Amino acid sequence: VGVRLAAEGATVAACDLDGAAARETVRLLGGPGSHEGAPRGAHAAFQADVSEAGAVSRLVDQVQACFSRPPSVVVSCAGITRDEFLLHMSEDDWDKVIAVNLKGIFLVTQAAAQALVSSGCPGSIINISSIVGKVGNVGQTNYAASKAGVVGLTQTAARELGRHGIRCNSVLPGFIKTPMTQKVPQKVTGMIPLGHMGDPEDVADVVAFLASEDSGYITGASVEVTGGLFM
Ligand SMILES: CCCCCCCCCCCCCC(=O)CC(=O)SCCNC(=O)CCNC(=O)[C@H](O)C(C)(C)COP(=O)(O)OP(=O)(O)OC[C@H]1O[C@@H](n2cnc3c(N)ncnc32)[C@H](O)[C@@H]1OP(=O)(O)O
Ligand SMILES: NC(=O)C1=CN([C@@H]2O[C@H](COP(=O)(O)OP(=O)(O)OC[C@H]3O[C@@H](n4cnc5c(N)ncnc54)[C@H](O)[C@@H]3O)[C@@H](O)[C@H]2O)C=CC1
């Protein structure tokens, strides 16, 4: 997503719980700024735990200090799984997934919206849900609930923030080739109408569209990027 948005001319603030991962993203973008507080206009890397309110507040403050404005496009990708059958799922596995995947998106969406509204800037907020939030999945009561919650949160934010020129949309990827999907039974591929798994670039293409003025009249939408899986 960062590479695609940079290719569209965006200056990217990449943030991750793993600061090294964020700095690697900035290096991928060819940005000189592989450290916080990069020269104005350069891409910059930040570290934060999105499930922690103080960390998110500090992140938005750091981004505004670095770029002299709130972020005009915010893409929340952070997500984890702690898969287990319902009969055996621990409370901790439930709490951890909800904290990152749902509360994290609440905190980032809220902090970004507060900064945009107080500065009178329009914006586009894009939250990464999952097709699992629409149809459920074996072993994922926690994850499915978190991802379904992302859609409801984003629709509500869209209703409240439209008057401020802030659009909010959800992206629901399907079976995408990343480490996260390595444990999914491969028999799934046969269920995909397009016959193959997607690539992260397929998701990035949709994010770039929702970030751009080409989607200027779209808000509150849930865009499925699934090859037709579970249409
Ligand atoms: C006909 C197949 C239908 C498959 C539909 C699956 C759709 C998945 C699309 C995902 C797209 C988006 C996903 C996403 O947002 C990103 C992710 O979250 S990727 C990770 C998704 N996680 C899973 O799919 C769960 C994978 N399973 C597990 O992690 C383990 O199985 C689990 C921890 C749940 C249990 O482990 P264990 O006790 O060791 O049991 P087994 O692994 O031996 O499995 C027992 C039994 O259950 C079957 N099974 C496991 N997972 C799934 C599944 N997702 N869908 C269907 N069936 C599943 C497994 O095949 C075994 O069946 P047997 O007949 O007993 O062999
Ligand atoms: N891979 C797939 O097939 C699908 C993925 N998704 C969603 O897409 C998003 C990205 O998924 P992937 O790139 O596959 O996963 P990934 O595991 O490669 O990336 C997730 C990133 O989130 C970071 N992160 C984890 N907890 C964090 C926290 N508390 N604070 C800040 N950062 C944190 C991780 O360090 C990691 O860099 C996730 O929200 C996932 O649920 C949705 C559908 C399908």
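Scroll up for the structure.
In this text, all values refer to a predicted model and were calculated from it rather than measured experimentally. Per-chain numbering applies: the sequence of each chain, read as written, is numbered from 1 onward. Each chain takes a letter, starting from A, and each ligand takes a number, starting from 1, following the order in which they are written. Only residues with pLDDT of at least 70 get local features here, since the model is predicted, and only at 80 or more are side-chain atom pairs given and counted; chain-wide, interface and lining totals rely on the full set of residues. Each side-chain value is derived from all of the structure's non-hydrogen atoms; neither hydrogens nor water enter the calculation.

1. Quick word on the pattern of salt bridges
- Salt bridge, as used here, is a side-chain nitrogen of Lys or Arg placed within 4 Å of a carboxyl oxygen of Asp or Glu. Following the criterion strictly, the structure yields 8 salt bridges and no others.
- The residue Lys183 makes a salt bridge to Asp83 at a minimum N-O spacing of 3.1 Å. Placement of the pair is Lys183 in the loop between strand 5 (166-173) and helix 7 (200-211) and Asp83 in the loop between strand 3 (73-76) and helix 4 (91-119), with a sequence separation of 100 residues.
- Here the term buried applies to any residue with accessible area under 20% of the maximum for its type, exposed to any over 50%, and partly exposed to those in between, with areas from a 1.4 Å probe on protein chains only. Taking relative accessible area as the criterion, Lys183 reaches 53% and is therefore assigned exposed.
- Judged by its relative accessible area of 30%, Asp83 is partly exposed.
- Ionic pairing is found between Lys134 and Glu224, a salt bridge with its closest N-O pair at 2.8 Å. A run of H or I in DSSP becomes a helix once it reaches four residues, and a run of E becomes a strand once it reaches two; helices and strands are each numbered from the N terminus.

2. As for the side chain of Thr154
- Inspection of the secondary structure assignment puts Thr154 in helix 6 (residues 141-161).
- On the basis of relative accessibility, which here comes to 1%, the residue Thr154 falls in the buried class.
- In the analysis that follows, any N or O atom pair within 3.5 Å is treated as a polar contact, provided that within protein one partner can donate a hydrogen and the other can accept it, and provided that, for residues neighboring in sequence, both atoms belong to side chains. One polar contact links Thr154 to Asn127, side chain to side chain, over a distance of 3.0 Å.
- Non-local contacts of Thr154, meaning those with residues more than four positions away in its chain, are made with Asn127, Cys168, Asn169 and Ser170. Residue contacts are defined here by distance: any two heavy atoms, one from each residue, within 4.5 Å place the two residues in contact.

3. A closer look at the site of ligand 1
- Residues in contact with ligand 1 amount to 21 residues; listed here are only the nearest, Asp83, Ser130, Asn137, Gln140 and Tyr143.
- Contact between ligand 1 and Asn137: an oxygen atom at 2.8 Å from a side-chain N or O atom of the residue.
- In the model, an oxygen atom of ligand 1 is placed 2.7 Å from a nitrogen or oxygen of the Tyr143 side chain.
- Shrake-Rupley sampling with a 1.4 Å probe provides the accessible areas, and residues are treated as covered by the protein chains on show and by no other component. When ligand 1 sits alone it has 1,200 Å² of accessible area, and the protein chains cover 62% of it. Near residues are defined by distance, with any heavy atom within 4 Å of the molecule or strand qualifying the residue.

4. So, the sheet that holds strand 3
- By this definition, two strands are paired if DSSP reports at least two bridges between them. In space, the 4 strands of this open sheet follow the order 3-4-5-6, with parallel pairing throughout. In this open sheet, the two strands that pair with only one neighbour each are strand 3 and strand 6 (222-225). The mean angle between the axes of side-by-side strands here comes to 20°, regardless of whether they run parallel or antiparallel.
- Axis lines are fitted to C-alpha atoms, over the contacting stretch for helices. Their N-to-C directions set the angle, which ranges from 0 to 180 degrees. Those strands touched by helix 4 are strand 3, strand 4 (123-128) and strand 5, and its axis lies near 180° from that of strand 4.
- Sitting on the sheet, helix 7 is in contact with strand 3, strand 4, strand 5 and strand 6, with an inclination near 165° to strand 5.

5. Digging into the environment of Glu213
- Looking at the secondary structure, you find Glu213 in the loop between helix 7 and strand 6.
- In the structure, Glu213 is positioned 201 residues away from Val12 in sequence and 18 Å away in space, judged by C-alpha atoms.

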